[in-house]
Amino acid sequence: MAPDKDQLRQRKITTSLRNSDNDDNIATQDRVTTLKGIRPNEVVIHGVIYDIQDFDHPGGESIHMFGGNDVTVHYEMIHSYHTIKHLEKLKRVGTIPDYANEYKFDSDFSKELKREVFKIVRRGKEFGTTGYFFRAIFYISLFFALQFLWVTQGTSLSLAIAYGVAHALIGLNVQHDANHGAASKKTWINDLLGWGADFIGGCKFLWMEKHWTHHVFTNHPEKDPDGIGAEPFLLFNDYGVNSAKRKAFHAYQGFYMILVVSAYWLSSVFCFGEVYRLQDSGAGAVGFTFPNPWVANKGKYALGMRIIYHITNLWIPLYHDFSLATVGHIYIMGVAGSLTLGMLFTLSHNFENVERNPTASMKTVGEAACWYKSQVETSSTYGGAIAGALTGGLNFQVEHHLFPRMSSAWYPSIAPKVREICQKHGVRYVYYPYVWQNMISTVKYTHAIGNGLSHLKANPFKGET
């Protein structure tokens, strides 16, 4: 079910909502229900219920993953230049009469942003370039070469570190674009490269459930699974000083944050039950569940891939040398991958002066927030093209969150125009010339949040713009 399904503001659907006045596509008798009544084969977009069971989606079968949910923001995020005509392809079966969304997608800022960016990257051409595929092939080759050494020659400290970093490079440069549907216009290529998540100890389906939800609700205090994913050990949301979530040890989280992040691999690789059920706990914690047959059918494949990962990376090395040294090398491999991946993800949305409550206007005055503005002000960009080649474009986090279905290869090209338009519309764009500057800001932010400093003085943050 969708988040806050029982607490929607009362607001009648108007003709401004997409497809609400499309009389040609309205069933003879629309079903009128609430978000509780959405079936596993249905989705809600702007208060209209669509049956997607027999829909041949051009972007692949992943549309069925979100059956049973309100996917309004998902739809707008992925289909940034779609119109009402595109929704007419779906089978309309009902409406949610009291529907309202916290975000809007038609601000002057968003219109100009999309118009100017698509002058640089033409519609339909936003997928992986030759350079992207060269980079992906290089990192895939590196990964399997190191894996071959890991399996045939045994473990070592240097190999553990290199192999762990190679895990992260697959996560950053290969599976990430693919599971966003951005690597290629051909869905089978995205599906194939997306399995890279499983080759590094993750799960492509769980990743999509959680990561897409994170993209939709970035830094939303109740709906972003990444914002609460490290709790109770780390706080990234700025809770009140008397919040029950605050503990005495959070005052020191700026110092021990790296230890928590280093455990990412351990927290992921042994969760067999979650892999088989394919119900991500982080997405579930913020109200998104995936109780549909399409997801249930993928469980056996995900579990099979997880078993293969364990055999290759844990069982075979231990079979060759069952010793504490081998166990230590396996752990170091996991830590190396965790730190490379985890720290880069952490700094992207946790830095000084970041927006932590992007939909506050909806809660205070009933005005929907511009989704595009919120993506800019909850993200940071650092470095340039070289950092982009190493991180899979994740250093261009602002651009990535604005256009998540655009290949990372294009982000260096659109970044200058994005900054220009942000400045014109008074939207705060955070840029750090070097990654270490962003890292320092993240540590300072984490320390400030852990100590509740924002509640003690008016403006403790000093993020660079």
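Above: the structure in question.
Predicted model only: the values in this text are computed from it and were never measured.

Parameters and conventions
- Residues numbered from 1 in each chain as written.
- Predicted model: local features only at pLDDT ≥ 70, side-chain atom pairs only at ≥ 80, totals over all residues.
- Heavy atoms only, no water.
- Helix = DSSP H or I, 4+ residues; strand = E, 2+ residues; numbered from the N terminus.
- Buried < 20%, exposed > 50% of the residue type's maximum accessible area, 1.4 Å probe, protein only.
- Patch = residues over 30% accessible without salt bridge, like charges linked within 9 Å, V, L, I, M, F, W, Y side chains within 5 Å.
- Areas by Shrake-Rupley, 256 points an atom, 1.4 Å probe, with all protein chains shown as cover.
- Salt bridge = Lys/Arg side-chain N within 4 Å of Asp/Glu carboxyl O.
- Axes fitted to C-alpha atoms, helices over the stretch in contact; angles between N-to-C directions.
- Left-handed = near helix turned anticlockwise from the far one by under 90°.
- Contact = heavy atoms within 4.5 Å.
- Nonpolar A, V, L, I, M, F, W, Y, C, P; charged D, E, K, R; others polar.
- Lys, Arg positive; Asp, Glu negative; His and termini not counted.
- Phe/Tyr/Trp six-rings, centres within 6.5 Å; stacked < 30°, edge-to-face > 60°.
- Lys NZ or Arg CZ within 6 Å of the ring centre and 35° of its normal.
- Pairing = 2+ DSSP bridges.

## Observations concerning unusual backbone geometry
Inference 1: In this structure, Pro232 follows Glu231 across a cis peptide bond, with omega equal to 10°.
Inference 2: Here Pro232 is to be found in the loop between α9 (225–228) and α10 (253–261).
Inference 3: With a phi angle near 60°, Asn219 is a residue other than glycine that sits in the positive phi range.
Inference 4: Its place among the elements puts Asn219 in the loop between α8 (204–216) and α9.
Inference 5: Positive phi is not limited to glycine here, since Leu278 has a value of about 55°.
Inference 6: By the secondary structure assignment, Leu278 is in the loop between α12 (272–277) and α13 (281–285).
Inference 7: Judged by relative accessible area, which is 0%, Leu278 ranks as buried.

## Examining a nonpolar patch on the surface
Inference 1: Together, Tyr434, Val435, Trp436 and Ile440 line one region of the surface with nonpolar side chains, adding up to about 410 Å² of accessible area.
Inference 2: Here Ile440 lies in helix α21 (residues 435–450).

## As for the packing of helix α5 (residues 157–179) against helix α15 (residues 324–349)
Inference 1: It is at 7 Å that the axes of α5 and α15 come closest, and there the two elements cross at 35°. In this structure, the crossing between α5 and α15 has a hand that is right-handed. Between α5 and α15, the residues in contact are Leu157, Ala160, Ile161, Tyr163, Gly164, Val165, His167, Ala168, Gly171, Leu172 and His176 and His329, Ile332, Met333, Ala336, Gly337, Thr340, Leu341, Leu344 and Phe345, respectively.
Inference 2: Residue composition of the contact of α5 with α15, by class: 13 nonpolar, 7 polar and no charged.

## Observations concerning the side chain of Glu209
Inference 1: Relative to the assigned elements, Glu209 resides in helix α8.
Inference 2: Nearest to the buried, unbridged Glu209 among oppositely charged side chains is Arg277, at 9.6 Å.
Inference 3: Excluding its chain neighbours within four sequence positions, the residues that come into contact with Glu209 are Met65, Leu278, Gln279, Asp280, Ala283, Phe290 and Val295.

## Describing the packing of aromatic side chains
Inference 1: According to the stated counting rule, one finds 18 aromatic pairs in the structure shown.
Inference 2: Aromatic side chains Phe143 and Tyr163 sit 5.5 Å apart centroid to centroid with 35° between the ring planes, which places their arrangement in the tilted category. With Phe143 in helix α4 (residues 130–152) and Tyr163 in helix α5, this pair connects stretches of sequence that are 20 residues apart.
Inference 3: Pairwise contacts between aromatic rings join Phe143, Phe144, Trp150, Tyr163 and Phe199 into one cluster.
Inference 4: The positively charged end of Arg123 is found above the aromatic ring belonging to Phe118, 5.6 Å away from the centroid.
Inference 5: Arg419 extends its terminal NZ or CZ atom over the ring of Tyr431, reaching a point 4.2 Å from the ring centre.

## Regarding the sheet that holds strand β5 (residues 91–95)
Inference 1: Across the sheet, which stays open at both edges, the 5 strands sit in the order β1-β5-β3-β2-β4 with mixed pairing between neighbours. The sheet terminates laterally at β1 (31–32) and β4 (69–70), the two strands that pair on one side only.
Inference 2: In terms of strand pairing, strand β3 (residues 48–51) meets β5 through 4 bridges, oriented antiparallel. Counterpart to Asp51 in the pairing with β5 is Lys91.

Read these as layout, nothing more, since geometry by itself doesn't imply function.
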